[in-house]
Amino acid sequence: MVLGFLVEPGSATYSILGFDPETGEIGGAVQSCVPTVGMVLHGEGDVGMVAAQGRPRPEYGRAGLKYLRSGLNPLEAVRAVHAGGFIFTPWGGNKYEMQFAIIDRKGRAAAYTGPQCPDYAGHLIGKHCIAQGNLVEGPLVVSGMVYAFENTKGPLKHRLMAALDAAQANGGDRRGMMSAAMLIVKNGSQEKDGVILDLEESMSFNPLAGLRRKLSAPIKKAALKEVNSGYRGLRN
């Protein structure tokens, strides 16, 4: 467990952002070998959500939301965040080791995976979702998340949870597991920043199990079995 504190926040991480057009919910879910991985997710109802990982600075997440709020689309926002990014982070890395994804209030998405992110690193855009990972076992970790999200029925929180389970089933984070988090905001919500769900399980040998217990309605195993039969073999 001590080794987890030696890893930069947000490195060796996989995450997914998704949108439910029927409910107006925008959500994100993430798992990593570092504690308090919830810092990766930044969201605001009627704006969108950002997942900043791979040696991130909190400013990147806030900047992504600011650019969306100003009227930029996700691709323009990604480019603006990278262009204005700090060359060096407090952990000694540079912005070319950054990885961040953005999804807006309409479900449009874009991402940046820096050329110096540790292998395997990549991202994949799906229908109303985007997944990314760095220092993960391989491309199936990322493509499995997209498949699971697209093929799981039910509330957004269930679909996000299924995506994390799919990523872990395909090898997940190469350095192990320590924390997981989920954040959901809603367009039109009167809650602060539109947040309707904010969960985190930290300092755990199985944070996904802990996160699932914290959800109001656990995902049925039958649904997961159906998803697991499909996402293997996909490539991004």
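Look a little higher up for the structure.
Notes on the structure follow.

Calculation notes
- Residues numbered from 1 in each chain as written.
- Predicted model: local features only at pLDDT ≥ 70, side-chain atom pairs only at ≥ 80, totals over all residues.
- Heavy atoms only, no water.
- Pairing = 2+ DSSP bridges.
- Helix = DSSP H or I, 4+ residues; strand = E, 2+ residues; numbered from the N terminus.
- Axes fitted to C-alpha atoms, helices over the stretch in contact; angles between N-to-C directions.
- Contact = heavy atoms within 4.5 Å.
- Parallel < 35°, antiparallel > 145°, perpendicular 65-115°, else oblique.
- Left-handed = near helix turned anticlockwise from the far one by under 90°.

**A word on the sheet that holds strand 7 (residues 121-126)**
Either a parallel or an antiparallel arrangement is found when strands of a sheet pair, and the pairing is made through backbone hydrogen bonds. Sheet architecture is open: 6 strands sit in the order 7-8-1-2-9-10, paired in antiparallel fashion. This sheet does not close on itself; its edge strands, each paired only once, are strand 7 and strand 10 (195-201). Strand-to-strand twist of the sheet, defined as the mean angle between neighbouring strand axes without regard to direction, takes the value 5°. Two strands pair when backbone bridges link them, and strand 7 and strand 8 (residues 129-134) are joined in this way by 6 bridges, in the antiparallel orientation. Its bridge partner lying in strand 8, Leu124 is registered against Ala131. Across the face of the sheet, helix 5 (residues 207-214) comes into contact with strand 1 (13-20), strand 2 (25-32), strand 9 (179-186) and strand 10 while running at roughly 145° to strand 10.

**Details of the packing of helix 4 (residues 156-169) against helix 5**
As a packed pair, helix 4 and helix 5 sit with axes 11 Å apart at the nearest point and diverge in direction by 165°. The angle between helix 4 and helix 5 places the two elements in the roughly antiparallel class. Helix-helix and strand crossings are classified by hand; for helix 4 and helix 5 the assignment is left-handed. Here helix 4 contributes Met161, Leu164, Asp165 and Gln168 to the contact with helix 5, which in turn contributes Leu208, Leu211 and Arg212.

**Some details on the sheet that holds strand 3 (residues 41-44)**
Pairing is antiparallel in the open sheet, where 4 strands are placed in the order 3-4-5-6. Looking at the sheet topology across the chains shown, the edges are occupied by strand 3 and strand 6 (109-113). Between one strand axis and the next, the sheet turns by 10° as a mean value, whatever way the strands run. One ladder, built from 5 bridges, connects strand 5 (residues 99-104) with strand 6; its direction is antiparallel. If you follow Ile102 over to strand 6, its bridge partner there is Ala110.

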